[in-house]
Amino acid sequence: MQSDFFRDVYEVVRLIPEGRVSSYGAIARYLGSAKSARTVGYAMNASHGLLPPVPAHRVVNRIGLLSGKHHFGEPNQMQNLLESEGIEIEIDQIKNFEKHFWDPNQELNL
DNA sequence: AAGGTGACAGTTT
DNA sequence: TAAACTGCCACCT
């Protein structure tokens, strides 16, 4: 059973459209806790195997770096999934990150 | 109950 | 300009 905070994080992450990515900080801000970006990542760590699935591969750090790729089953899993959605990646970093960036505050709350 | 950890972010050197 | 440090919140042992 997850805390409300975790559940909220998962809910937002599931709202990320395909071919789009978001950042931990953006999600944290959307939840009202701008400083809890690290906790968002922690929530992602626990998002494995829960239902419905959480597209954790669409969540990266603020510079578009696949910081959490190592936490997937296979390190290349995250990159593979993102490329599958049309996102180009170079050396664990998303190309045109700003173009693919999806900010919940901007898309949902606006 | 207290201390340590971390898939981050912002600030300072 | 790049690298390093500190702050931060929520979770875990």
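Refer to the preceding data block for the structure.
A few points on the structure. Since the structure is predicted, the reported quantities are computational estimates derived from the model, not experimental observations.

1. Comments concerning the environment of Gly68
Turning to step 1, where the next piece is worked out: With respect to the helices and strands, Gly68 occurs in the loop between strand 2 (59-60) and helix 4 (75-84).
Turning to step 2, where the next piece is worked out: By relative accessible area, Gly68 is classed as buried at 15%.
Turning to step 3, where the next piece is worked out: Along the backbone, Gly68 and Gln79 are 11 residues apart, and their C-alpha atoms lie at a distance of 10 Å.
Turning to step 4, where the next piece is worked out: Filtering out sequence-adjacent residues up to four positions away, Gly68 remains in contact with Tyr24 and Met78.

2. A few points about the protein's contact with DNA strand C
Turning to step 1, where the next piece is worked out: Looking at DNA strand C, the residues that line it are Ser3, Phe6, Ser33, Lys35, Ser36, Arg38, Thr39 and Tyr42.
Turning to step 2, where the next piece is worked out: For DNA strand C, the fraction of protein-proximal atoms (within 4 Å) that sit in sugar or phosphate groups is 75%.
Turning to step 3, where the next piece is worked out: Contact between DNA strand C and Arg38: a base oxygen at 2.8 Å from a side-chain N or O atom of the residue.
Turning to step 4, where the next piece is worked out: Separating a base oxygen of DNA strand C from a side-chain N or O atom of Thr39 is a distance of 2.8 Å.
Turning to step 5, where the next piece is worked out: Looking at the surface near DNA strand C, the element that brings in the most residues is helix 3 (residues 37-45), giving three residues.
Turning to step 6, where the next piece is worked out: Of the residues belonging to the surface near DNA strand C, the class tally is two nonpolar, four polar and two charged.

The rules behind each value
Residues numbered from 1 in each chain as written. Chains lettered and ligands numbered in written order. Predicted model: local features only at pLDDT ≥ 70, side-chain atom pairs only at ≥ 80, totals over all residues. Heavy atoms only, no water. Helix = DSSP H or I, 4+ residues; strand = E, 2+ residues; numbered from the N terminus. Buried < 20%, exposed > 50% of the residue type's maximum accessible area, 1.4 Å probe, protein only. Contact = heavy atoms within 4.5 Å. Near = heavy atom within 4 Å. Polar contact = N/O pair within 3.5 Å; in protein donor to acceptor, adjacent residues only side chain to side chain. Nonpolar A, V, L, I, M, F, W, Y, C, P; charged D, E, K, R; others polar.

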